[in-house]
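Report on the structure
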Amino acid sequence: PGLLGESGEGGAEPSVLNLQEGANCTLRCNFSATVKTLQWFQQNPGGSLISLFFIASGRKQNERLSSTVNSKERYSTLHITASQLEDAATYLCAVKAQCSQMVIAAMKLNDAYSLEGKL
């Protein structure tokens with residue numbers, strides 16, 4: 001079975017989130033298998049991937065961004081505090097399972113004020 005999927009198995013949430021500059025938001029990545037490690041990436045339009053967090057469990061924070069992993073309930077969150085124009089990007093969640101399978105879900109901030117997530 002896959003780590004991320006449709007019909008409640010897992011994936012990226014929210015599917016669409018409209019956001020005013022300065023507001024906080026939380027992206028959620030669900031997985032359906034035991035995960036060894038999880039990474040959050042940011043990709044600016046036309047740019048390369050930037051690693052935001054590499055996390056196995058618990059919580060990490062870097063300035064306005066924080067990430068948590070809940071292995072028991074099988075999800076991770078990426079929280080953006082006081083969103084800014086430079087946060088406009090695609091956010092990717094990559095999980096590595098016990099079987100070394102890697103699956104990625106993407107969430108995209110289309111413009112200055114709307115955040116759209118798609119699997």
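Each remark here, short or long, concerns the structure printed above.
Now for a quick tour of the structure. All figures in this text were calculated on a predicted structure; none of them were measured in a lab. (Residues numbered from 1 in each chain as written. Predicted model: local features only at pLDDT ≥ 70, side-chain atom pairs only at ≥ 80, totals over all residues. Heavy atoms only, no water.)

Concerning the overall build of the chain
For clarity, the cut-off: The helix count covers DSSP runs of H or I at least four residues long, the strand count covers runs of E at least two residues long, and both are numbered beginning at the N terminus. For every residue, the accessible area (1.4 Å probe, protein chains only) is compared with the maximum for its type, and the residue is labelled buried under 20%, exposed over 50%, or partly exposed between those bounds. When checking whether two residues touch, look at their non-hydrogen atoms; a contact exists if any pair is within 4.5 Å. Computed with a 1.4 Å probe, the accessible areas rest on the Shrake-Rupley method; for each residue, only the protein chains presented here act as cover.
Check the secondary structure of the chain and you find 0 helices and 11 strands. In the chain, buried positions account for 42% of the 119 residues. When contacts within the chain are restricted to residue pairs at least 6 apart in sequence, long-range pairs at least 24 apart make up 51% of them. When the accessible surface of the chain is totalled, it reaches about 6,400 Å², and 48% of it is carbon and sulfur.

Describing the nonpolar core
As a reminder of what qualifies: To qualify as a nonpolar core, a set must consist of buried Ala, Val, Leu, Ile, Met, Phe, Trp, Tyr and Cys residues joined through side-chain atoms within 4.5 Å.
Counting 19 residues, the largest nonpolar core has Leu-38, Trp-40, Leu-52, Leu-78 and Tyr-91 as the members making the most contacts within it. Those elements that provide at least two residues to this core are β3 (25-30), β4 (35-43), β5 (49-55), β7 (65-70), β8 (75-80) and β9 (90-97).

A look at the state of the cysteines
Rule in force here: Note on disulfides: each one is a pair of cysteine sulfur atoms within 2.5 Å.
Scanning the model with the defined rule gives 1 disulfide in all. Through a disulfide, Cys-29 is tied to Cys-93; the S-S separation comes to 2.2 Å. Given an S-S torsion of about -75°, the disulfide between Cys-29 and Cys-93 has left-handed geometry. Here Cys-93 lies in strand β9 and Cys-29 lies in strand β3, a separation of 64 residues in the sequence. On the basis of relative accessibility, which here comes to 0%, the residue Cys-93 falls in the buried class.

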